[in-house]
Amino acid sequence: MKIKFKWMALAMLLATFIISGCSSSGDAEYPSKNIEIIAPATPGGGWDATARAIQNVLDKEGIVEQNMNVVNKPGGGGEVGWQYLKGKDAHDISVNSSLVIANNLLGQSELTYEDFTPLAILATEWISIAVPEKSDIEDGIDLLDRLKEDPASLTIAVGPALGNNDHLSFVRVAEEYGVDVSKLRFLVYESGGDVLTALLGGHVDLATFSLSESLEQNEAGNIRVLATTADETIDGIPSWQDQGIDFTFPHWRGLMGPPDMTEEEIAYWDNALSEMVETEGWKNVLENNGWDNYYMNSKETKAFLDEQNEMYKELIDKAGLGN
Amino acid sequence: MGVDWGSFAEGFSTAIQFENLIFIVIGGLLGTIVGMLPGLGPATAVAVLIPVTFGMEPTSALILLGAIYYGAMYGGSRSSILINTPGDGSAIAATFDGYPMTRKGQAGQALTLATLASLVGGFIAMIGFVFLAQPLAQFALKFGPAEYFFLLLFTLSAVVSLSKGNMLKGFISMFLGLLITTIGIDSQSGVYRFTFGVPHLSEGVDFLVVIIGIYAVGEVLYNILLLKDDSYRIKEDVGNKWITKEQFKRSFWPALRQSPVGFLIGILPGAGGSIASMISYSTEQQLSKKSDEFGKGAPEGLAAPESSNNAAAVGAFIPLLTMGIPGSGTTAVILGALIMLGLQPGPMLFQNQPEVVWTFVNSLFIGNIALVIMNILLIGFLIKILKTPANILYPIILLLAFIGTYTLGYSTIDFFILMIFGVIGLFMKILNIPSAPLILAVIIGNQLEQNFRMASVSYDSVFGMMTASPIAIFFVIITVLSVFLPMLLNRLARIKR
């Protein structure tokens, strides 16, 4: 025990030196101290992976000179982390996704996307619709036809919560095709991995989950992906557009800062992030995770978020989930 | 499917490269240390150390992460045995007989026994992995909502039936646990239940906070109350390190036969070490001729769950590596790390990069042996903890409990929850209510409910659920047996008398 104490004391001392050393640099120019990248989730998930990848690339490529730390603030589908961000200055930025819009519309949060300063949209995934290998459903249109006839005839796996992109994107396609979406039978699993397991075991008739999670099993011939929400054919898998339905739906990830950031602070991130997305390091990150580049600068992001907000409002109403 | 011995041999030679051996030892040691701390289980240990692997060779990174995971599994039972505070859910069963052994002055033997039992579990599971990975992965897929529901129900009933002669207290404990799991967002409907507007509660109460509260904090509070009572003090004599012939004899078969049980449960996504060790403990108690000694320091009561949860840890890698599906919290974290490193676990991994898989499996073999050596060497150091004066030891445990809790959710709200459960734990000890049913209910309660709800969408009636598949029928039958058989046998024994 004694030995442990010595080490702990030493570590604390060291930490104190490091922290005091870094904050002693002048505070005239932004950023003037350590930067915190908030991952509003536990280590190991998608948001965490995004935050750590951003930190890693910005640091390795020397784009941001300040020290950057990833802090995990999990809970409430981003709520806990974003509440934390709201009370911080411009040295904190957070990873986000469409939940920053949807949480409020679903009545699960007081926060809206307008409470924060949009900095960028960085990457997107696409969402896939898949059936077990032995299913007799032929393609996307065949699926929608069956649901149009009897919306309760098939069980649909989704995870981890109703109102997420996977769920809403399917509701939107079905609704546009004329399916009575209020009668659809969703089974809500804990994660995308569980959705895949249920599909492989044939415990559900179809599943809606991200393409990066379904691609490999599709190639191995264990499941069949019928359609994606992308704007083009990916690895031979037709998109909804390819099947004659005019519909795309990105599952994007972006960055935002606390309220009321100054012009200079926003410009700093526009520079840094536009440089980051061009690096080899970032391209590797996209490739490994099965993401597509979807970069938008702060201005474009603002307009995009307004647009998304309108779309989600409509969707959530139609799915019968709004308050 | 035959075993690809060429890749196996290649994997072995990669795993014993000097660099990789170093990673095995470092990872095992780090994992053991982190695993011993209350609340810091394998998942946290791996997650915290992921950034270390950036820039490493993917195979070496996998070896390091595997070693940390494994080390934490070994370490978890250390604190259960010595100070009655499990590091993680899967180490709870080690408190049942491990801590009583310590109280009897057999701490050294308990630690050795747990280590050796873990080795047995790990070895048998790895043999299973090498020969049966693919077919077993297919078997695991047969578990749908109905099958999971009845498996979980069986686990609960098995643990409640442990509280022999006092089923009522067991049920009270279980219901309290189930009540706790209703806190948080309900996945199937998206409704918030009992969150009182606190966003942190939307994810429910973390079962690890409950464990740390009831065990670590509750234990400290209880001991502080009894500090002056000398009869309660642990004997200074910590006993021999080496297990006796009798202890070996009594625990050999239980450890051996519970390994496959743990292995199979580990393969099921979502089940894992906590469930495996509980089922193994309760079945051994039912089977044992000396079942009265369970809970009072029976060596087989420690060996069975320890071999079982280690086997489950290996089993959990099967769905991860063969299908890209993480079967436990820890493997989910490892999956994330592997993707960052550019490896895609899944059906193609065995075909495209078999050497990675086999290097990893071999590193587990080597890691197990290394960990046994390290853990036995550490025993001398660890039992010094028992000689630490209480007025120093208990504040340290409390401090560690708070640190462990903070790392789970990075929220101070958890401190209040921790203290609440500390007090609950204290009263349960005073009233002699068993804590295991509560803890298990908190760990699996949510899954139990969600699977039931999903099953009721898929099947029209409860009867339809029960007859969903042979697996479901099997679990229904053994659930009923586990509750009524002990009662019946009791009756019969009384009539005879």
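Residues numbered from 1 in each chain as written. Chains lettered and ligands numbered in written order. Predicted model: local features only at pLDDT ≥ 70, side-chain atom pairs only at ≥ 80, totals over all residues.

Observations concerning the overall build of chain B
What counts is decided by this rule: Runs of E in the DSSP output that reach at least two residues are strands. Runs of H or I that reach at least four are helices, and both are numbered from the N terminus. Radius of gyration here is computed from C-alpha atoms only, and the compact-globule reference equals 2.2 Å multiplied by the residue count raised to the power 0.38. With C-beta atoms placed from the backbone, the exposure class of a residue follows from how many other C-beta atoms lie within 10 Å of its own: 20 or more, buried; 12 or fewer, exposed; in between, partly exposed.
Summing up its helical and strand segments, chain B has 22 helices and two strands in all. For 497 residues, the compact-globule formula gives about 23 Å, and the C-alpha radius of gyration of chain B, at 22 Å, lands near that figure. Its C-alpha atoms put chain B at 60 × 60 × 55 Å along the principal axes. For chain B, the residues scored as buried account for 58% of the 497 residues in total.

Quick notes on the overall build of chain A
Stated formally: Throughout, a pair of residues is in contact if the C-beta atoms placed from their backbones lie within 7 Å.
What chain A contains, in helices and strands, is eleven helices and ten strands. Relative to its length of 323 residues, chain A is compact, with a C-alpha radius of gyration of 22 Å against a globular reference of 20 Å. Sorting the 323 residues of chain A into buried and exposed places 50% on the buried side. Of the contacts formed within chain A by residues at least 6 apart in sequence, a portion of 76% connects residues at least 24 apart.

A few points about the interface of chain A and chain B
Note the following rule: Think of it as three bins: nonpolar holds Ala, Val, Leu, Ile, Met, Phe, Trp, Tyr, Cys and Pro, charged holds Asp, Glu, Lys and Arg, and polar takes everything else, Gly as well.
Across the boundary between the two partners, chain A contributes 39 residues, which contact 38 residues of chain B. When contributions to the side of chain A that touches chain B are tallied by element, the ones reaching two or more residues are helix 2 (46–60), helix 3 (79–86), strand 6 (185–188), helix 7 (192–200), helix 8 (211–219) and helix 10 (280–289) of chain A. The element best represented in the side of chain A that touches chain B is helix 7 of chain A, accounting for six residues. A breakdown of the residues in the side of chain A that touches chain B according to their chemical character gives 15 nonpolar, 17 polar and seven charged.

So, unusual backbone geometry
The general pattern is negative phi for most residues beyond glycine and trans for most peptide bonds. All names here are of chain A. For the bond from Tyr30 to Pro31, the omega torsion is -5°, close enough to zero to count as cis. Within the secondary structure layout, Pro31 lies in the loop between helix 1 (2–23) and strand 1 (35–39). Pro160 follows Gly159 through a cis peptide bond whose omega is 0°. If you trace the backbone, Pro160 turns up in the loop between strand 5 (155–158) and helix 6 (165–177). Even without glycine at this site, Asp235 takes up a positive phi of about 50°. As for its placement among the helices and strands, Asp235 is situated in the loop between strand 8 (223–228) and strand 9 (250–257). Using a count of 10 C-beta atoms within 10 Å as the deciding quantity, one classes Asp235 as exposed.

Details of the confidence of the model for chain A
Definition in use: Within a predicted model, pLDDT stands for the predictor's per-residue confidence, ranging from 0 to 100.
Taken residue by residue, chain A gives an average pLDDT of 87. The fraction at 70 or more is 90%. In this model residues 19–27 of chain A is a low-confidence stretch, pLDDT under 50, and it forms seven contacts with partners more than four residues away in sequence or in other chains.

Examining the pairing of strand 8 of chain A
All names here are of chain A. Definition in use: Pairing between strands requires that DSSP locate at least two bridges from one strand to the other.
Burial runs high along strand 8: six of the six residues are buried. Bridge analysis of strand 4 (residues 117–132) against strand 8 gives five bridges, and the strand direction is antiparallel. Bridge assignment links Pro132 to a residue of strand 8, and that residue is Ile223.

Remarks on helix 3 of chain A
Residues and elements named next belong to chain A. Counted residue by residue, helix 3 has six buried out of eight residues, so it is predominantly covered. Glu79, Val80, Gly81, Trp82, Tyr84 and Leu85 are the residues of helix 3 that are buried. Contact partners of the buried residues in helix 3: strand 1, strand 3 (92–97) and helix 4 (99–105).

A few points about the nonpolar core
The line we're drawing: A set of buried residues qualifies as a nonpolar core if it consists of Ala, Val, Leu, Ile, Met, Phe, Trp, Tyr and Cys joined through C-beta atoms within 7 Å. Segment limits for the domains were obtained from an automatic or database-derived domain assignment.
Membership of the largest hydrophobic core comes to 236 residues, with the highest contact counts inside it found for A:Ala157, A:Leu199, A:Ala207, B:Val46, B:Ile68, B:Val210 and B:Ile439. For this core, the element with the highest residue contribution is helix 6 (residues 107–141) of chain B, accounting for 17 residues. Split by domain, this core shows at least three residues from each of two domains, domain 1 (33–124 + 251–318) and domain 2 (126–243) of chain A. In contact with B:Ile68, other than residues within four places in its own chain, are B:Gly27, B:Leu30, B:Gly31, B:Ala45, B:Val46 and B:Leu49. Counting residues in hydrophobic clusters, the runner-up holds six residues, among them A:Trp126, A:Leu211, A:Leu215 and A:Phe249.

Focus: the domain arrangement of chain A
Residues and elements named next belong to chain A. You can read the domains of chain A as domain 1 (33–124 + 251–318) and domain 2 (126–243). Measuring from the centre of the C-alpha atoms in domain 1 to the corresponding centre in domain 2 gives 27 Å. Listed per partner, the contact involves nine residues of domain 1 and 13 residues of domain 2. Considering each element in turn, the side of domain 1 that touches domain 2 owes the most residues, three residues, to helix 11 (residues 298–318).

Describing the environment of B:Lys429
Residues and elements named next belong to chain B. Turning to its location among the elements, Lys429 is positioned in helix 19 (residues 413–431). With 18 C-beta atoms packed within 10 Å, Lys429 lands in the partly exposed category. With residues up to four places along the chain from it excluded, the contact list for Lys429 reads Gly218 and Tyr222.

Quick look at the packing of helix 2 of chain A against helix 10 of chain A
Residues and elements named next belong to chain A. Cut-off, in case you're wondering: Angles shown run from 0 to 180 degrees and are taken between the N-to-C directions of axes, each axis being a line fitted to C-alpha atoms and, for helices, limited to the stretch in contact. Angles below 35 degrees are treated as roughly parallel, those above 145 as roughly antiparallel, those between 65 and 115 as roughly perpendicular, and all remaining angles as oblique. For any helix crossing, the convention is left-handed if the near helix is rotated counterclockwise from the far helix by under a right angle, and right-handed if that rotation is clockwise.
The N-to-C vectors of helix 2 and helix 10 enclose an angle of 155°; their axes lie 9 Å apart at closest approach. Accordingly, the angle class assigned to the pair helix 2 and helix 10 is roughly antiparallel. For the pair helix 2 and helix 10, the sense of crossing is right-handed. The residues of helix 10 that touch helix 2, namely those facing Ala49, Ala53, Val57 and Lys60, are Gly281, Trp282, Val285 and Asn289. Of the residues that constitute the contact of helix 2 with helix 10, the class distribution is five nonpolar, two polar and one charged.

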